[in-house]
Amino acid sequence: FQGIGLGLAVCTDICELHGGELRLASQLGHGSTFTISFPCDESLGYGEVHTGALMEPAVPEASPPPAPARSAAPVDQDSVPPPENTAERALVLSVDDDPVNQEVVKGALSAYCDIHCAMDGVQALRFLREQGAAKKKMPDVVLLDIQMPGMDGFEVCQEIRKGFAAAHANLPIIMLSARAPADETAIQGYNSGATDFVPKPFSAEVIRRKVEVILSISKRAALGSSMNLIMEKAEERVKMAKDAAAATSNDK
């Protein structure tokens with residue numbers, strides 16, 4: 001079994017958008033036949049049956065050449081300035097063995113997040129170890145597929161919780177899967193340490209909103225921790241001042 005089972009769903013959506021129909025005839029042990037039909041516009045002549053000589057295709061009139069572009073110079077990608085506030089961009093670790101899914105994630109999040117793609121669990125854990133050893137920025141969110149070669153998503157999630165971040169607030173993990181039934185898969189993901197679960201196929205907007213919400217919650221949690229630390233230090237200073245004042249009074 002390969003892939004995530006999106007092909008049939010995509011074909012069905014395309015057929016319906018064109019007013020067509022997708023039919024299936026299947027027989028156990030013999031195979032399946034998929035038939036796609038689309039409506040034809042008779043005004044174009046496609047709805048007629050011609051039994052005579054084949055009609056010669058019409059030759060389209062030559063169109064004038066397109067106007068030259070104002071600037072034909074190629075764009076040097078290296079010369080394009082990076083987006084502003086690069087240091088404030090969130091880092092997302094996307095773990096999925098399907099390059100198409102990786103492109104969907106990039107399209108949904110690259111406008112405001114930096115994306116690091118790992119094609120399997122081993123690559124993902126190696127990236128986390130290297131970032132930690134070099135004291136570089138750790139991911140703000142992990143998008144983790146379940147059905148992957150080698151280590152599956154459940155194993156990877158458990159390893160992340162054991163070795164890198166036990167708390168959800170420190171490293172949220174969103175699991176993605178087309179595995180059925182979705183409810184049981186989600187529960188197994190939560191038991192493995194996942195923060196959230198999104199069934200496949202998913203829309204880019206859903207992933208975008210999920211990541212936005214999790215980043216917002218993480219920022220609030222970090223702010224709360226910072227405020228608690230500030231309050232603890234302030235209380236320590238007050239106590240030290242009181243102790244010093246008491247010592248001075250005793251000396252007098």
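S.K.: Just give me the short version of helix α5 (residues 182–192), but keep the residues and values in it.
M.R.: Those residues of α5 that fall on the buried side of the exposure criterion are T185, A186, G189 and S192. For α5, the buried positions fall inside an angular range of 120° around the axis, keeping them on one side. Facing away from the buried surface of α5 by more than 90 degrees, the exposed residues are D183, E184 and N191. Contacts made by the buried residues of α5 are with α4 (153–163), β6 (173–177) and β7 (196–199). Trailing α5 by a residue or two, G193 shows a phi angle of about 115°, which is positive.

S.K.: I'd love a proper account of the packing of helix α3 (residues 121–133) against α4, names of residues and values included.
M.R.: It is the contact of α3 with α4, at a shortest axis distance of 10 Å, that shows an interaxial angle of 15°. It follows that α3 is roughly parallel to α4 by the angle criterion. Helix-helix and strand crossings are classified by hand; for α3 and α4 the assignment is right-handed. From α3, G121, L125 and L128 reach across to α4, where they touch V156, E159 and I160.

S.K.: Requested: an account of a nonpolar patch on the surface, with residues and values cited.
M.R.: The grouping of L8, L24 and F34 at the surface amounts to a nonpolar patch, some 310 Å² of accessible area in total. Tracing the chain through its elements places L24 in strand β1 (residues 21–27).

S.K.: Kindly report on the side chain of T185, identifying the contributing residues and their values.
M.R.: The topology assignment puts T185 in helix α5. Here P181 takes part through its backbone oxygen, which lies 3.0 Å from a polar atom of the side chain of T185. In contact with T185, other than residues within four places in its own chain, are I146, F154, S177, R179, A180 and F197.

S.K.: Describe the nonpolar core, listing the residues and the values that go with them.
M.R.: One finds L93, V95, V142, L144, I160 and M175 to be the most contacted residues of the largest nonpolar core, which totals 23 residues. Counting only elements with at least two residues in this core, the list comes to β3 (90–95), α3, β5 (141–145), α4 and β6.

S.K.: Hey, could you go over the sheet that holds β7 for me, with residue numbers and the actual values?
M.R.: The sheet built from 5 strands is open, its strands ordered β4-β3-β5-β6-β7 with parallel pairing. Looking along the sheet, the strands with just one partner apiece sit at the ends: β4 (113–118) and β7. In this sheet, neighbouring strand axes are inclined to one another by 20° on average, regardless of whether the strands run parallel or antiparallel. Examined bridge by bridge, β3 and β4 share 6 bridges and lie parallel to one another. Looking at β4, one finds that V92 is bridged to I115. Packed on one face of the sheet, helix α2 (residues 99–109) meets β3, β4 and β5 and runs near 170° to β4. Contacts from α4 reach β5 and β6 within the one sheet, and its direction differs from that of β6 by about 175°.

Each value, and the rule that gives it
- Residues numbered from 1 in each chain as written.
- Predicted model: local features only at pLDDT ≥ 70, side-chain atom pairs only at ≥ 80, totals over all residues.
- Heavy atoms only, no water.
- Buried < 20%, exposed > 50% of the residue type's maximum accessible area, 1.4 Å probe, protein only.
- Helix = DSSP H or I, 4+ residues; strand = E, 2+ residues; numbered from the N terminus.
- Arc of directions from axis to C-beta.
- Contact = heavy atoms within 4.5 Å.
- Axes fitted to C-alpha atoms, helices over the stretch in contact; angles between N-to-C directions.
- Parallel < 35°, antiparallel > 145°, perpendicular 65-115°, else oblique.
- Left-handed = near helix turned anticlockwise from the far one by under 90°.
- Patch = residues over 30% accessible without salt bridge, like charges linked within 9 Å, V, L, I, M, F, W, Y side chains within 5 Å.
- Areas by Shrake-Rupley, 256 points an atom, 1.4 Å probe, with all protein chains shown as cover.
- Salt bridge = Lys/Arg side-chain N within 4 Å of Asp/Glu carboxyl O.
- Polar contact = N/O pair within 3.5 Å; in protein donor to acceptor, adjacent residues only side chain to side chain.
- Core = buried A, V, L, I, M, F, W, Y, C linked by side-chain atoms within 4.5 Å.
- Pairing = 2+ DSSP bridges.

The values reported here are purely geometric and, on their own, carry no functional implication.
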